[in-house]
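Structural overview for review
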Amino acid sequence: MINNLNFQSPELFGSVVFTPDFNSFKTINPSQAWSLFFTGGREDNKLDSKPRISLLFTMIVLALGISGFARTLIIQAFFPG
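About the criteria used
Residues numbered from 1 in each chain as written. Predicted model: local features only at pLDDT ≥ 70, side-chain atom pairs only at ≥ 80, totals over all residues. Heavy atoms only, no water. Helix = DSSP H or I, 4+ residues; strand = E, 2+ residues; numbered from the N terminus. Buried < 20%, exposed > 50% of the residue type's maximum accessible area, 1.4 Å probe, protein only. Contact = heavy atoms within 4.5 Å. Areas by Shrake-Rupley, 256 points an atom, 1.4 Å probe, with all protein chains shown as cover. Axes fitted to C-alpha atoms, helices over the stretch in contact; angles between N-to-C directions. Parallel < 35°, antiparallel > 145°, perpendicular 65-115°, else oblique. Nonpolar A, V, L, I, M, F, W, Y, C, P; charged D, E, K, R; others polar. pLDDT = per-residue confidence, 0-100. Lys, Arg positive; Asp, Glu negative; His and termini not counted. Salt bridge = Lys/Arg side-chain N within 4 Å of Asp/Glu carboxyl O.

1. Description of the overall build of the protein chain
The secondary structure content of the protein chain amounts to 3 helices and 0 strands. Element order for the protein chain, N to C, with α for helix and β for strand: α-α-α. Across the 81 residues in the protein chain, those meeting the buried criterion constitute 14%. Pairs at least 24 residues apart make up 24% of the contacts formed inside the protein chain by residues separated by at least 6 positions. Accessible area for the protein chain stands at about 7000 Å²; split by element, carbon and sulfur atoms hold 66% of it.

Structural data, given as structure tokens:
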């Protein structure tokens, strides 16, 4: 059995983001962005088959930000200084 994998390559166990073929300043979709976030930059196609889950994660982050801002406004309005 002939195996042509180079186990000495630093790109094998390293981050996908810093490989020459990935880092060409191309636009990535939200699924790739969330995949990179959850895998620590090691995989960019874990969520490619499920684009709606990336939309869910994006909406959760937006909802948390908006609710935090609204909470601050409500507390300031009802309980001043």
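2. A few points about helix α2 (residues 30-38)
The set of residues buried in α2 consists of S31, Q32, W34, S35 and L36. Contact partners of the buried residues in α2: α3 (51-78). Count one or two residues on from α2 and you reach G40, which has phi positive near 70 degrees.

3. Notes on the packing of α2 against α3
The interhelical angle for the contact between α2 and α3, taken along N-to-C directions, is 70 degrees, at an axis separation of 8 Å. By the angle between their directions, the pair α2 and α3 is classed as roughly perpendicular. Between α2, through P30, S31, W34 and F38, and α3, the contact on the second element is made entirely by P51, S54, F57, T58 and V61. Here the residues of the contact of α2 with α3 sort into 6 nonpolar, 3 polar and no charged.

4. Some points on the confidence of the model for the protein chain
Taken over all residues, the pLDDT of the protein chain has a mean of 82, while the share at 70 or more is 80%. When the elements of the protein chain are averaged for pLDDT, helix α1 (residues 10-13) gives the smallest value, 58, and α3 the largest, 94.

5. Here's the deal with the side chain of Q32
Assignment of secondary structure puts Q32 in helix α2. Judged by its relative accessible area of 18%, Q32 falls in the buried class. Those residues in contact with Q32 that sit more than four places away from it in its chain are D44 and D48.

6. Structural notes on the side chain of D44
Assignment of secondary structure puts D44 in the loop between α2 and α3. No salt bridge is formed by the buried D44; its nearest oppositely charged neighbour, K26, is found at 6.4 Å. For D44, the residues in contact, after removing those within four places along its chain, are V16, F22, Q32, S35 and L36.

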